[in-house]
Amino acid sequence: MAADFGHLADAVAALEGSGTERLHVDVMDGVFVPNFTFGTDTVRALRRVTDLPLELHLMIVEPERHLETFASAGADAITVHYEVSPHLHRSLTAIREFDCRSGVAINPSTPASSLDDVLEMCDLALVMTINPGFGGQRLIPRMLSKVERVRAEVERQGLATDVEVDGGVDAGNARACVDAGANVLVAGTAVFGHADGPAAGGQAVLAAAAGTPSDGR
Ligand code: ZN
């Protein structure tokens, strides 16, 4: 979402080989969140131009209606929101049946315990660290304690579920996210808004996450 939509292929190409391990695609429907972004055609286009795994974050209502379409468009992982999934267990089962990694995202106002009973069905547990809808927001510090609780539950259940943070992640808070228990960091503005380009932006966040800031930015 943070990339230049007019030059999406170039932005993605810049990330290849930069250390970035996944492309996180925010799909918004103007209903669940007050913004629009990509649809399945864009996902297909991205699939053609990159070998990076495509991780789709569906910020849409009734995501279960579209799982097969997004899976066939080239998704490697599909994350749905807890808040719009009354039959979440069924949706996660379906995502795995479409040979994708399954994920659940929770908004800032949704408690960590919402994930407890579906965690064993999740390859990714995504803690929103901003209110979804727009890039460029600042990470809400309290969300890091939620990350700690999700990580503790993953450990308690003996799972390999990724604990992912999404929203306002940058080189300044990446280490705190890791220390709280996140092992996947989604960064948008910090990557695509970096003065030296997306590869440098990604590397700065990764270096900070590892505790070795490369250039102080
Ligand atoms: Zn996202």
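As a reminder, the structure under discussion sits directly above these lines.
Notes on the structure in this doc start here. Note that this is a predicted model, so its numbers are computed, not measured.

## As for the side chain of Asp29
For step 1, the next point in the chain: Its location among the elements puts Asp29 in the loop between β1 (23-28) and α2 (40-49).
For step 2, the next point in the chain: Here Asp29 is buried and forms no salt bridge, its nearest opposite-charge partner Arg65 lying at an N-O distance of 8.9 Å.
For step 3, the next point in the chain: When residues no more than four places from it in sequence are discounted, the contact partners of Asp29 are Asn35, Phe36, Met59, Ile60 and Val61.

## A closer look at helix α4 (residues 88-97)
For step 1, the next point in the chain: Listing the buried residues of α4 in full gives Leu88, Ser91, Leu92, Ala94 and Ile95. When α4 is viewed along its axis, its buried side chains cluster within an angular range of 160 degrees and face the same direction. Across α4 from its buried face, at more than 90 degrees, point the exposed residues Arg90 and Glu97.
For step 2, the next point in the chain: Buried-residue contacts for α4 involve α3 (67-73), β3 (77-81) and β4 (101-106).
For step 3, the next point in the chain: Within two residues after α4, Asp99 carries a phi angle of roughly 65 degrees, on the positive side.

## With respect to the coordination of the zinc ion
For step 1, the next point in the chain: Every protein donor of the zinc ion is listed here as His24 (NE2), Asp26 (OD), His57 (ND1) and Asp166 (OD), and their distances to the metal cover 2.0 to 2.2 Å.
For step 2, the next point in the chain: In this structure, the zinc ion is surrounded by four donor atoms whose angles at the metal cover 92 to 166 degrees, and the resulting shape is irregular.
For step 3, the next point in the chain: In the primary structure, the donors to the zinc ion are separated according to the pattern H-x1-D-x30-H-x108-D. Pair noted here: Asp26 is in strand β1 and Asp166 is in strand β6 (residues 162-166), with a separation of 140 residues, a long-range link. When sorted by exposure, Asp26 lands in the same class as Asp166, which is buried.

## Observations regarding the side chain of Ser18
For step 1, the next point in the chain: Within the secondary structure layout, Ser18 lies in the loop between α1 (8-15) and β1.
For step 2, the next point in the chain: Residue class for Ser18 comes out buried when judged on its relative accessible area of 7%.
For step 3, the next point in the chain: Side-chain polar atoms of Ser18 contact the backbone oxygen of Leu15, separated by 2.7 Å.
For step 4, the next point in the chain: There is a polar contact of 3.2 Å between the side chain of Ser18 and the side chain of Thr20.
For step 5, the next point in the chain: For Ser18, the contacting residues outside a window of four places in its chain are Ala199 and Gln203.

## Let's talk about unusual backbone geometry
For step 1, the next point in the chain: Positive phi, normally seen in glycine, also occurs at Glu62, with a value near 50 degrees.
For step 2, the next point in the chain: Its place among the elements puts Glu62 in the loop between β2 (54-59) and α3.
For step 3, the next point in the chain: The class for Glu62 is partly exposed, based on a relative accessible area of 38%.
For step 4, the next point in the chain: Even without being glycine, Asp99 reaches a positive phi, approximately 65 degrees.
For step 5, the next point in the chain: Locating Asp99 in the fold gives a position in the loop between α4 and β4.
For step 6, the next point in the chain: Judged by relative accessible area, Asp99 falls into the exposed class, the value being 71%.

## Considerations on the sheet that holds β4
For step 1, the next point in the chain: Strand order in the open sheet formed by seven strands is β1-β2-β3-β4-β5-β6-β7, with parallel pairing between adjacent strands. Each having just a single partner strand, β1 and β7 (184-186) make up the two edges of the open sheet. Recorded for the sheet is a direction-independent mean angle of 25 degrees between the axes of neighbouring strands.
For step 2, the next point in the chain: Direction of pairing for β3 relative to β4: parallel, over a ladder of five bridges. Paired with Val80 across the bridge in β4 is Val104.
For step 3, the next point in the chain: Here α4 sits on the sheet and contacts β3 and β4; the angle it forms with β4, its principal contact strand, is near 145 degrees.
For step 4, the next point in the chain: Docked against the sheet, helix α5 (residues 143-156) engages β4, β5 (124-128) and β6, running at close to 165 degrees with respect to β5.

The rules behind the values
Residues numbered from 1 in each chain as written. Predicted model: local features only at pLDDT ≥ 70, side-chain atom pairs only at ≥ 80, totals over all residues. Heavy atoms only, no water. Helix = DSSP H or I, 4+ residues; strand = E, 2+ residues; numbered from the N terminus. Buried < 20%, exposed > 50% of the residue type's maximum accessible area, 1.4 Å probe, protein only. Lys, Arg positive; Asp, Glu negative; His and termini not counted. Salt bridge = Lys/Arg side-chain N within 4 Å of Asp/Glu carboxyl O. Contact = heavy atoms within 4.5 Å. Arc of directions from axis to C-beta. Donors = N, O, S within 2.8 Å, 3.2 Å for Na, K, Ca; no water. Tetrahedral: all angles 85-135°; square planar, octahedral: opposite > 155°, others 65-115°. Polar contact = N/O pair within 3.5 Å; in protein donor to acceptor, adjacent residues only side chain to side chain. Pairing = 2+ DSSP bridges. Axes fitted to C-alpha atoms, helices over the stretch in contact; angles between N-to-C directions.

These results come straight from atomic positions and should not be treated as a statement about function.
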